Amino acid sequence: MRKSIVKNALKKKSAVIIAVIISVLFVSGCGKSSGVSNNDVLDTSEVSTREETTVDTHPFDITMTFTGDINIAEGEPTTKELDKNNGDITKCISPELIKYMKDADITLVNNEFCYSDRGAPLANKMWTFRAGPERAKVLNALGVDVAQLANNHVYDYGQEAMYDTFSALEAVGIPYVGAGRTLEEAMKPYYTEVDGKKIAIVAASRAEKYKMTPQATDTTPGILRCYDTELFVQTIKEARANADYVVAVVHWGTEHTTVLEDVQRSSTREYIDAGADVIIGGRSQSVLWVGNFDEYYEDKPIFYSLGNFWFDEYNVDTMLVNIRISGNDYGDKIDVSVVPAVQDGTLQGWGTHICTQEEDKSRIFSLLNKVSINANVADDGTVTQVK
């Protein structure tokens, strides 16, 4: 009887303990079902819907910067200034301009000279330019990603010097376009990928009245010419087939003038029809910007000439051209802007400086607006099409 009473007492004690445990669990949230209304229940269908409607539209934002002609041949004012400053390029070109060049995804310069210690100046050529191979590292300091070689000075010292030019650029990791050891190489586009988009750059030249710079052949080095546009159009079409965006760079035009040659306007139509999205021109030694000249090409900016960027001892206006291509799976746009600068050949030193004075900016922008066909340059350098 005593054992039975004790046993019953133990059962009652255990029941009390269990009840207390259940109460604690209920208060702490382990037994929510009895204390939560239907309105508080998580709507899993809503979460599922949100996940299903979240779509990656693959946004992209690509920046490219282009300069006019540069020349760091031995004995030239630019190179003397560089040597005077112990190779400090920021003493020759404004750090602000260099920052634009380094910050861009792709920066291209027109490398209008050869790199070599060999060869001899071409006979009967008035101006010839040759830099030592070690000078190629200057392009690294400027943030250059690709060098344009389709011009009228890369062959100034003949075949050997041209081979050395290719080797010098390759040694410092700078790709080049518009010239090569063979015609196939000279026609080869430069490709790079940015934000999942493939960019192609191609280049050609038609800059000489007396054609002293040879076109490459199957066995000899040279440039890609475009006096006859057939091969360059072929190159652009190849680039179009293999890239999302194509930039065509052309060295052409009459020096020291803002007057266009008829062939420049007619051939730009061919190049755009073949697949070019942007056309960048050089050689005239003067800033000559002309916007889209036909409504059919309204989204295709054309820069007929960027002039000299850092080339000689003359005082000339120049600029950087910034191209921004952005968008997603549903569309894209090309934004254009210019950064005004001056190549200064004063006694204080030969260099290219960004314009900080409103007077200088206004002068350059006014010139650009004067010679442009259907484009407008705003006070902040933004370029838009005039329809």
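Here the structure is a predicted model, which is why all the values come from computation and not from measurement.

Asks: Hey, could you run me through the packing of helix α8 (residues 230-242) against helix α9 (residues 262-274) in this one?
Replies: The relative placement of two packed helices is expressed as an angle between their axes plus a distance between the axes. Running from N to C, α8 and α9 point in directions that differ by 30°, and their axes come no closer than 8 Å. Here α8 is positioned roughly parallel relative to α9, judged by the angle of their axes. In the crossing of α8 with α9, the sense of the turn from one axis to the other is right-handed. Between α8 and α9, the contacting residues are Phe 232, Val 233, Ile 236, Lys 237 and Arg 240 on the first element and Glu 270, Tyr 271 and Ala 274 on the second.

Asks: Even after reading the chapter, I still don't get the sheet that holds strand β9 (residues 197-206), so can you show me in this structure?
Replies: Sheet strands associate in pairs through backbone hydrogen bonding, adopting either a parallel or an antiparallel arrangement. Read across the sheet, five strands follow the order β8-β9-β11-β12-β13 without closing on themselves; strand pairing throughout is mixed. Of all the strands in the sheet, the pair left with one neighbour each is β8 (190-194) and β13 (302-303). Note: β9 against strand β11 (residues 245-252), eight bridges, orientation parallel. Looking at the pairing, Val 202 lines up with Ala 248 of β11. Contacting β9, β11, β12 (278-282) and β13, α9 crosses the sheet at an angle of about 160° to β11.

Asks: Would you take a moment to explain the nonpolar core for this structure?
Replies: In this structure, Ile 89, Ile 93, Tyr 115, Leu 139 and Trp 310 are the most contacted members of the largest nonpolar core, which totals 40 residues. Mapped onto this core, the elements with two or more residues apiece are α4 (95-103), α5 (137-142), α6 (158-171), β14 (308-310) and β16 (331-346). Per-element accounting of this core gives the leading share, four residues, to α6. Apart from residues lying up to four places away in sequence, Tyr 115 is in contact with Ile 72, Ala 131, Gly 132, Pro 133, Arg 135, Ala 136, Leu 139, Ala 161, Asp 164, Thr 165, Ala 168 and Leu 169. Counting residues in hydrophobic clusters, the runner-up holds 35 residues, among them Met 64, Phe 66, Ile 280 and Val 336.

Asks: Where do I start with the confidence of the model for the protein chain in this structure?
Replies: Low pLDDT marks stretches whose predicted atomic positions should not be read closely. Predicted confidence across the protein chain gives a mean pLDDT of 84, with 80% of residues reaching 70 or more. Across residues 1-42 the pLDDT falls below 50, and counting only partners more than four positions away or on other chains, this stretch makes four contacts in the model. Segment residues 285-296: pLDDT under 50, and 67 contacts once partners within four positions in sequence are set aside and those in other chains are kept.

Thresholds applied
Residues numbered from 1 in each chain as written. Predicted model: local features only at pLDDT ≥ 70, side-chain atom pairs only at ≥ 80, totals over all residues. Heavy atoms only, no water. Axes fitted to C-alpha atoms, helices over the stretch in contact; angles between N-to-C directions. Helix = DSSP H or I, 4+ residues; strand = E, 2+ residues; numbered from the N terminus. Parallel < 35°, antiparallel > 145°, perpendicular 65-115°, else oblique. Left-handed = near helix turned anticlockwise from the far one by under 90°. Contact = heavy atoms within 4.5 Å. Pairing = 2+ DSSP bridges. Core = buried A, V, L, I, M, F, W, Y, C linked by side-chain atoms within 4.5 Å. Buried < 20%, exposed > 50% of the residue type's maximum accessible area, 1.4 Å probe, protein only. pLDDT = per-residue confidence, 0-100.

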